[in-house]
Every structure is written in structure tokens, then in C-alpha cells.
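These are the residues of each chain, in order.
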Amino acid sequence: MGTANGAPSPRDDNYDVNLAQARVFARGLAEHIQTCSASIEIAQSKAFRARADRAESRARQFESEASTLRIELYEMYRHIDAMTARFPELRTDPAVRG
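About the criteria used
Residues numbered from 1 in each chain as written. Predicted model: local features only at pLDDT ≥ 70, side-chain atom pairs only at ≥ 80, totals over all residues. Heavy atoms only, no water. Helix = DSSP H or I, 4+ residues; strand = E, 2+ residues; numbered from the N terminus. Buried < 20%, exposed > 50% of the residue type's maximum accessible area, 1.4 Å probe, protein only. Areas by Shrake-Rupley, 256 points an atom, 1.4 Å probe, with all protein chains shown as cover. Axes fitted to C-alpha atoms, helices over the stretch in contact; angles between N-to-C directions. Parallel < 35°, antiparallel > 145°, perpendicular 65-115°, else oblique. Left-handed = near helix turned anticlockwise from the far one by under 90°. Nonpolar A, V, L, I, M, F, W, Y, C, P; charged D, E, K, R; others polar. Polar contact = N/O pair within 3.5 Å; in protein donor to acceptor, adjacent residues only side chain to side chain. Contact = heavy atoms within 4.5 Å. pLDDT = per-residue confidence, 0-100.

### Details of the overall build of the protein chain
Of the regular secondary structure elements, the protein chain holds three helices and zero strands. Mapped in sequence order, the helices and strands of the protein chain form the string α-α-α. Out of the 98 residues in the protein chain, the part that is buried amounts to 29%. For the protein chain, the exposed area adds up to about 6,700 Å²; of that, 54% sits on carbon and sulfur atoms.

Shown next as C-alpha cells:
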């Protein structure tokens, strides 16, 4: 548990270990966020091209893919936000927020 100023409380003997694990997990999430964001852009681009080709079924399929990826993306951001609330040190980690 942390204190109001973000410092570990005296009874949290594993804070440093937990922070290190959270940092690794958050960095992995940040990398996955980049991959997911790129995949959303690709799916949206394919949907746009499919619409231009009058391939509505394909366009809907790509839009559905982008929508599913957005849900996943929001969930990853939710995890990052929860970790930064628990471990304020992560807020300044460029690999997590960069």
C-alpha cells in the first residue's frame, strides 16, 4: 500500500518487488498498445479501400476488426491507469507513457 504522497507505506515490505513487476508488465502493455494502435489504423484503411471498391461486406468486416481492437486497446489503457494509480512511479517511466 502507498501513502498519500506515493511513497510505500511501512507495512508494504514487497513494494519494490511489486513495482519492478508492474514496470515490466506496464512496458509490455505499452508495446502491445503500439501494436494494437497500428492494427486499428490498418483495419480502418482497409475498410476505407473496401468501401471505395464497393465491397460493403469486406468493409464491415474490417470495421468490426477495428472495433474489437479498440475494445482491447481501451482495456490495456485501463490496466495501465490502474497500475499508475497503485505505483505512481510508473507515471514518469517513458517506456510506459511515451
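Now that the structure has been shown, the text picks up again.
### Focus on unusual backbone geometry
Positive phi, close to 60°, is recorded for Arg54, a residue that is not glycine. Topologically, Arg54 is positioned in the loop between α1 (15-52) and α2 (56-86).

### Description of the packing of α1 against α2
In contact at an axis separation of 8 Å, α1 and α2 are set at 160° when each is read in the N-to-C sense. One element, α1, and the other, α2, form an angle in the roughly antiparallel class. Crossing angle aside, the handedness with which α1 passes α2 is left-handed. Split by residue class, the contact of α1 with α2 holds 21 nonpolar, six polar and ten charged.

### A closer look at the side chain of Thr84
Positionally, Thr84 belongs in helix α2. For Thr84, a relative accessible area of 5% corresponds to the buried category. Among the polar contacts listed, one links the side chain of Thr84 to the backbone oxygen of Asp81, at a separation of 3.0 Å. Excluding anything up to four places from it in sequence, Thr84 contacts Leu90, Arg91 and Arg97.

### Looking at the environment of Ala43
One can find Ala43 in helix α1. Measuring from C-alpha to C-alpha, the distance between Ala43 and Glu65 comes to 6.6 Å, with 22 residues separating the pair along the chain.

### Quick look at the environment of Ala26
In this fold, Ala26 is placed in helix α1. A sequence separation of 64 residues divides Ala26 from Leu90, and the C-alpha atoms of the two residues are 8.1 Å apart. Those residues in contact with Ala26 that sit more than four places away from it in its chain are Ile80, Met83, Leu90 and Val96.

### Points about the confidence of the model for the protein chain
Mean pLDDT over the protein chain stands at 89; residues scoring 70 or higher make up 88%. Across the protein chain, element-level confidence peaks in α2 with a mean pLDDT of 96 and bottoms out in helix α3 (residues 94-97) with 78.

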